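Commentary on secondary and tertiary structure
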Amino acid sequence: MERYLALIVDDEPDILELLEMTLARMDIDCRSAHDLASAYALLKEHDFDLCLTDMRLPDGDGIELVTYMQQAHANVPVAMITAHGNMELAINALKAGAFDFVSKPVDLTILRNLVSTALKLSSKAAAGVSKPKPGKKISPTDELDIEQQLLGQSEAMVKTRATIIKLARSQAPVYISGESGTGKELVARLIHSKGPRSEKPFVPVNCGAIPQDLMESEFFGHKKGSFTGAVADKDGLFQAADGGTLFLDEVAELPLHMQVKLLRVIQEKSVRPIGGQQETSVDVRVLSATHKDLAKLVESGDFRQDLFYRINVIELPVPALRDRLGDIPILASHVLEQLGAGLEHLPILGSNALNALNHYAFPGNVRELENILERAMTLCEGDVIHADDLQLPATSSASTATTKPEPVEIPEHDPDVPLEDYLGNIEKDAIMQALEKTRYNKTAAAKLLGITFRALRYKLKKLGLE
């Protein structure tokens, strides 16, 4: 059976020997080069499945090789070997198109994980060639699947889908930017599901919904007895995502002390649970998102610059719905089909309703479109949804968002009522007032309450209001 073939480029004999021995134990054949010229010559002679290259070479640097590979051998993943602690060069390599990086001294566990993930992208993977087990490649079927999940034929969406396909082949951290309701989590899930980690967990976490005093335990886990209430060992989110993808949604909500700890874990690729004496390696790809402007938060000192550069190796902006209004007919048709599943007659959009949607700014984006159509289906009489059924705000969402809700009358606390129930009722009343004021537009209600949409959804579920 044909075996995988790797190209190793390094001018240090000890490193070459270590890499060759490690890959040999994984049933991978190797060809070695001491400089760029030798590497280019080998690339003309062999079809490689993987390339590992040092950053510093006698006749150039590894980024030159990465750039060349992107042009001449785009299907061969290239991993960079960097000096310990030199994250700037590692990030530059990732931006140039490197699949991933490993720092010196080389941690063999991290190296084996990297190689296993990279080879899942190999053209031989589909043929079932030896170890590691094959993974998924982007195929025409996958492209169609992405198109069916991330709908729209606008130029912006075609470009977004093409970028997702490219990013799925990389391990570089991706920062998904965009307004609330644009579908950032869906984009993250697609990057994961179409990449070599698809068979491993995708773990989404809303950074704004975790209490600060529990944040470190949630992310990194804890050992039994490490604090009051720690009655057993508990894995954190990084351990849960091991081998897969950790999606940090609303990453801007992380407090500064957690930003420091998160940066270290991402850089060192290892975690130490609270109360633990040893660090354990974790193999996790980090995707992050927020609707806030992280660059401005860096300028104001509310977000660490070093963490920003680490998670923002590649930025993928998700377009707002108002920037792709031509996609509204296909989006609306899809939403109505989903909402009308099981109905005998599926309502359709009248021309005046479609015209109204085409002239609306959609501050809540696709999520708001879903809410509007759900309400319209309930209100319409017959099988046609008219403009009046949509109940679109007469003005933009800015005026809605700045309107303050009526103050909630706080009843006197009855000592016989548990404090948690008492506070829950107050919170429930405030949320109901905001929903009524915004005609049950959850996006607008969240803005009115001064919380994120996800936080509102969490509270609705918690209070039994969904």
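Figured I'd write up the structure that's included with this text. Starting afresh in each chain, residues are numbered from 1 along the sequence in its written order. Local features in this predicted model are restricted to residues of pLDDT 70 or higher, and side-chain atom pairs are both shown and tallied only at a pLDDT of 80 or more, whereas totals for entire chains, interfaces and linings draw on every residue. Excluding hydrogens and water, the side-chain figures rest on all heavy atoms present in the structure.

Within the protein chain, the regular secondary structure consists of 21 helices and 16 strands. For the protein chain, with 466 residues in total, the buried portion stands at 48%. We call two residues contacting when some pair of their heavy atoms lies within 4.5 Å. Once local pairs closer than 6 in sequence are excluded, the contacts in the protein chain between residues at least 24 apart make up 68%. Each helix corresponds to a stretch of at least 4 residues labelled H or I by DSSP, and each strand to a stretch of at least 2 residues labelled E; elements are numbered beginning at the N terminus. The classification of residues rests on relative accessible area computed with a 1.4 Å probe and restricted to protein chains. Under 20% of the type maximum is buried, over 50% is exposed, and intermediate values are partly exposed.

Right, let's get into the side chain of aspartate 249. With respect to the helices and strands, aspartate 249 occurs in strand β10 (residues 245–249). Residue classification places aspartate 249 among the buried residues on the basis of a relative accessible area of 5%. Aside from chain neighbours lying at most four places away, what touches aspartate 249 is Glu185, Val205, Asn206, Cys207, Ala289 and Arg454.

For two strands to count as paired, DSSP must find a minimum of two bridges between them. A sheet is described by the order of its strands in space; here 5 strands give the open sequence β9-β10-β13-β8-β14, paired in parallel fashion. Of all strands in the sheet, those with a lone pairing partner are β9 (202–206) and β14 (314–317), marking the two edges. Going from strand to strand, the sheet's axes swing by 20° on average, the running direction of each strand aside. In this structure, strand β8 (residues 174–177) lies alongside β14, joined through 4 bridges in parallel fashion. To define axes, lines are fitted to C-alpha atoms, for helices over the stretch in contact only, and angles between the resulting N-to-C directions are given on a 0 to 180 degree scale.

What a helix should span is 1.5 Å times the count of its residues minus one. Along its 12 residues, helix α14 (residues 328–339) runs 16 Å from first to last C-alpha, staying within 8% of the 16 Å computed at 1.5 Å per residue. Buried within α14 we find Ile328, Leu331, Ala332, Val335 and Leu336. Axial view of α14: buried residues confined to an arc of 130°, hence all on one face. On its buried face, α14 is in contact with β15 (348–349), α15 (351–358), α16 (365–379) and β16 (384–385). What the arc measures is the spread of directions leading from the helix axis to the C-beta atoms.

One side-chain nitrogen of Lys or Arg within 4 Å of one carboxyl oxygen of Asp or Glu is enough to make a salt bridge. Following the criterion strictly, the structure yields 14 salt bridges and no others. Measuring nitrogen to oxygen at the nearest pair gives 3.5 Å for the salt bridge that ties lysine 269 to aspartate 100. Highlighted residues: lysine 269 in the loop between α11 (256–268) and β11 (270–271) and aspartate 100 in strand β7 (residues 100–103), separated in sequence by 169 residues. Take lysine 269 and aspartate 100: they sit in the same class, and that class is buried. Among the salt bridges present, the one from aspartate 327 reaches arginine 324, with a minimum N-O distance of 2.9 Å. Here arginine 324 falls in the buried class, since its relative accessible area comes to 5%.

As summarised here, the arrangement of the 5 strands in space is β2-β1-β3-β6-β7, forming an open sheet in which the pairing is parallel. Both edges of this open sheet fall to β2 (28–33) and β7, since each of them pairs with a single strand only. The sheet shows a mean angle of 20° between the axes of neighbouring strands, direction not considered. Where strand β1 (residues 4–9) meets strand β3 (residues 50–54), 4 bridges bridge the pair, whose relative direction is parallel.

Nonpolar side chains tend toward joint burial in soluble globular proteins. We call a set of buried Ala, Val, Leu, Ile, Met, Phe, Trp, Tyr and Cys residues a nonpolar core when their side-chain atoms join them within 4.5 Å. Counting 32 residues, the largest nonpolar core has Phe219, Phe238, Leu246, Leu248, Leu254, Leu294 and Phe303 as the members making the most contacts within it. When contributions to this core are tallied by element, the ones reaching two or more residues are β9, α9 (215–220), α10 (237–240), β10, α11, α12 (294–300) and α13 (305–311). Non-local contacts of leucine 294, meaning those with residues more than four positions away in its chain, are made with Tyr175, Val251, Ala252, Phe303, Phe308 and Ile311. In terms of nonpolar packing, the next biggest core, distinct from the first, is built from 29 residues, Leu57, Met80, Ile91 and Ala93 among them.

As a packed pair, helix α2 (residues 36–45) and helix α3 (residues 62–72) sit with axes 11 Å apart at the nearest point and diverge in direction by 20°. Overall, the two elements α2 and α3 adopt an arrangement that is roughly parallel. Handedness of the crossing formed by α2 with α3: right-handed. Counted together, Leu36, Tyr40 and Leu43 of α2 and Glu64, Leu65, Tyr68 and Met69 of α3 form the full contact between these two elements. Angular relationships are summarised with four words: roughly parallel below 35 degrees, roughly antiparallel beyond 145, roughly perpendicular across 65 to 115, and oblique for the angles in between. In a left-handed crossing the near helix is turned counterclockwise from the far helix by less than a right angle, and in a right-handed crossing that turn is clockwise.

Attention now goes to the environment of cysteine 51. Mapped onto the fold, cysteine 51 is located in strand β3. Under the relative-accessibility criterion, cysteine 51 is labelled buried at 0%. On a C-alpha basis, the gap between cysteine 51 and alanine 39 in space is 9.7 Å, while along the polypeptide they are 12 residues apart. Setting aside residues no more than four positions away along its own chain, cysteine 51 makes contact with Leu7, Val9, Leu65, Met69, Val76, Pro77, Val78 and Ala79.

You can see asparagine 312 is positioned in the loop between α13 and β14. With a relative accessible area of 13%, asparagine 312 lands in the buried category. Excluding residues that lie within four positions of it along the chain, asparagine 312 makes contacts with Lys95 and Tyr175.

Only centres within 6.5 Å qualify two rings of Phe, Tyr or Trp (six-membered ring in Trp) as a pair; their planes then separate them into stacked at under 30 degrees, edge-to-face at over 60, and tilted for everything else. Overall, the coordinates contain 7 aromatic pairs when judged by the stated rule. Plain terms: the ring middles of phenylalanine 308 and tyrosine 309 are 5.6 Å apart, the flat faces sit at 55° to each other, and that makes the pair tilted. Judged by relative accessible area, tyrosine 309 falls into the partly exposed class, the value being 44%. If you follow lysine 269 out to its NZ or CZ, it ends over the ring of phenylalanine 101, 4.5 Å from the centre. Definition used: whenever NZ (Lys) or CZ (Arg) falls within 6 Å of the ring centre and also within 35 degrees of the ring normal, the charge is taken to sit over that ring.

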